[in-house]
Amino acid sequence: MKRNLSAVVLSLLFGATLSVSAAEKEPYSHQGTNAREMLTEAAIHWITIDTIQAELEGKAPLTVSFDIDDTVLFSSPCFYYGKEKYSPDSFAYLKDQHFWDEVNAGCDQYSIPKQVASELIEMHQKRGDNIYFITGRTAGKVDRVTPVLEKAFKIKNMHPVEFMGELPRETKYNKTPAIIKHGVAIHYGDSDDDILAAKEAGIRGIRIMRAANSTYQPMPTLGGYGEEVLINSSY
């Protein structure tokens with residue numbers, strides 16, 4: 001009797017297994033992932049500060065440049081404030097000189113220096129590299145951005161910030177002229193224009209990750225132009 005009972009149980013279990021196996025697969029409605037895919041990095045050329053330092057070891061000092069917003073400073077508070085004040089329902093404030101006059105005159109005291117920028121700049125200064133800041137911002141009546149950056153990153157030989165917004169140019173991208181003028185070898189930036197300006201100037205462009213809560217949306221595609229991307233550089 002025990003043997004017959006066991007046989008029945010096994011038969012039921014086997015039948016249930018067959019039933020489950022034979023069930024028609026419901027198509028997924030979302031992209032999703034799985035345990036294997038989660039262990040696979042996207043096809044991006046990730047690099048680290050240590051990698052850059054090792055590549056430059058033994059080489060003569062060079063000139064490097066940095067974008068400002070979302071590259072060395074988390075400045076979204078300033079831009080959020082400007083939008084709310086000058087054009088709450090649009091991005092027209094970015095074309096309003098009153099905004100640029102105000103934001104460049106001291107708002108960056110509320111911007112947060114990014115840790116990755118501090119580490120990069122420290123590495124380059126130890127090498128004796130020359131550092132420039134090149135921004136797509138429009139210049140204001142007063143430049144208080146330069147002293148903010150000088151203090152935040154302990155710049156030894158500070159150059160005035162290059163404000164490239166609204167300047168006439170013969171190049172496609174607005175940061176290209178300053179990159180060429182200063183003989184920059186490496187340009188760091190978070191935006192597509194930073195990488196494309198570096199390409200236009202024929203130099204190395206390294207992508208810095210933009211913080212997810214930045215007001216500068218939509219987010220760019222990291223590695224979208226085959227550029228190197230500095231890992232963990234969103235903060």
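Note that the structure is predicted; figures quoted are calculated from it, not measured. (Residues numbered from 1 in each chain as written. Predicted model: local features only at pLDDT ≥ 70, side-chain atom pairs only at ≥ 80, totals over all residues. Heavy atoms only, no water.)

### Comments concerning the confidence of the model for the protein
For step 1, the next point in the chain: Looking at the protein as a whole, the pLDDT averages 88, with 84% of positions reaching at least 70.
For step 2, the next point in the chain: When the criterion is pLDDT under 50, residues 1-22 qualifies, and its contacts beyond four places in sequence or with other chains add up to zero contacts. (pLDDT = per-residue confidence, 0-100. Contact = heavy atoms within 4.5 Å.)

### Quick notes on helix α7 (residues 145-152)
For step 1, the next point in the chain: Burial in α7 covers these residues: Val145, Thr146 and Leu149. Taken end-on, α7 shows its buried residues confined to a sector of 100 degrees, consistent with a single buried face.
For step 2, the next point in the chain: Along its buried surface, α7 packs onto β3 (73-74), β5 (130-135) and β6 (162-163).
For step 3, the next point in the chain: Phi turns positive, to about 55 degrees, at lysine 154, one or two residues after α7. (Buried < 20%, exposed > 50% of the residue type's maximum accessible area, 1.4 Å probe, protein only. Helix = DSSP H or I, 4+ residues; strand = E, 2+ residues; numbered from the N terminus. Arc of directions from axis to C-beta.)

### Things to note about the pairing of β5
For step 1, the next point in the chain: Burial within β5 is extensive, with five of its six residues counted as buried.
For step 2, the next point in the chain: Two strands pair when backbone bridges link them, and strand β2 (residues 63-66) and β5 are joined in this way by four bridges, in the parallel orientation. Its bridge partner being in β5, serine 65 is matched across the sheet by tyrosine 132.
For step 3, the next point in the chain: Examined bridge by bridge, β5 and β6 share two bridges and lie parallel to one another. Looking across to β6, one finds that isoleucine 134 is bridged to glutamate 162.
For step 4, the next point in the chain: At this point the chain moves from β5, through α7, to the parallel β6, and the crossover so formed is right-handed. (Pairing = 2+ DSSP bridges. Right-handed = clockwise from strand over helix to strand, strands pointing away.)

### Brief notes about the packing of helix α3 (residues 49-56) against helix α6 (residues 115-127)
For step 1, the next point in the chain: For the pair α3 and α6, the least separation of the axes is 11 Å and the interaxial angle reads 15 degrees. Considering the angle they form, α3 stands roughly parallel to α6. Viewed along their axes, α3 and α6 form a crossing whose handedness is right-handed. Between α3, through Ile49, Ile52, Gln53 and Leu56, and α6, the contact on the second element is made entirely by Val116, Glu119, Leu120, Met123, His124 and Arg127. (Axes fitted to C-alpha atoms, helices over the stretch in contact; angles between N-to-C directions. Parallel < 35°, antiparallel > 145°, perpendicular 65-115°, else oblique. Left-handed = near helix turned anticlockwise from the far one by under 90°.)

### Some remarks on the state of the cysteines
For step 1, the next point in the chain: Counting across every chain of the model gives one disulfide.
For step 2, the next point in the chain: Each sulfur of the disulfide joining cysteine 78 and cysteine 107 lies 2.4 Å from the other. Of note, the bridge from cysteine 78 to cysteine 107 carries an S-S torsion of about -110 degrees and is left-handed in sense. One end of the pair, cysteine 78, is in helix α4 (residues 76-86); the other, cysteine 107, is in the loop between α5 (97-103) and β4 (112-113), and 29 residues separate them in sequence. (Disulfide = S-S within 2.5 Å.)

### Section: the UniProt feature "binding site: substrate" (unreviewed entry) in the protein
For step 1, the next point in the chain: Taking the numbering used here, the UniProt-annotated feature "binding site: substrate" (unreviewed entry) corresponds to Thr135, Gly136 and Lys175. Taking the farthest pair of C-alpha atoms as the criterion, the annotated set spanning 41 residues converges on one region, since that pair is 7.2 Å apart.
For step 2, the next point in the chain: Counting through the fold element by element, threonine 135 comes out in strand β5.
For step 3, the next point in the chain: When neighbours within four sequence positions are excluded, threonine 135 is seen to be in contact with Asp67, Ile68, Asp69, Val161, Glu162, Phe163, Met164, Gly165 and Lys175.
For step 4, the next point in the chain: Following the sequence through the fold, lysine 175 ends up in the loop between β6 and α8 (176-181).
For step 5, the next point in the chain: Beyond its immediate stretch of four places on either side in the chain, lysine 175 contacts Asp67, Ile134, Thr135, Gly136, Met164, His187, Ser191, Asp194 and Ala197. (UniProt positions renumbered as here; feature names shortened; annotations may be inferred.)

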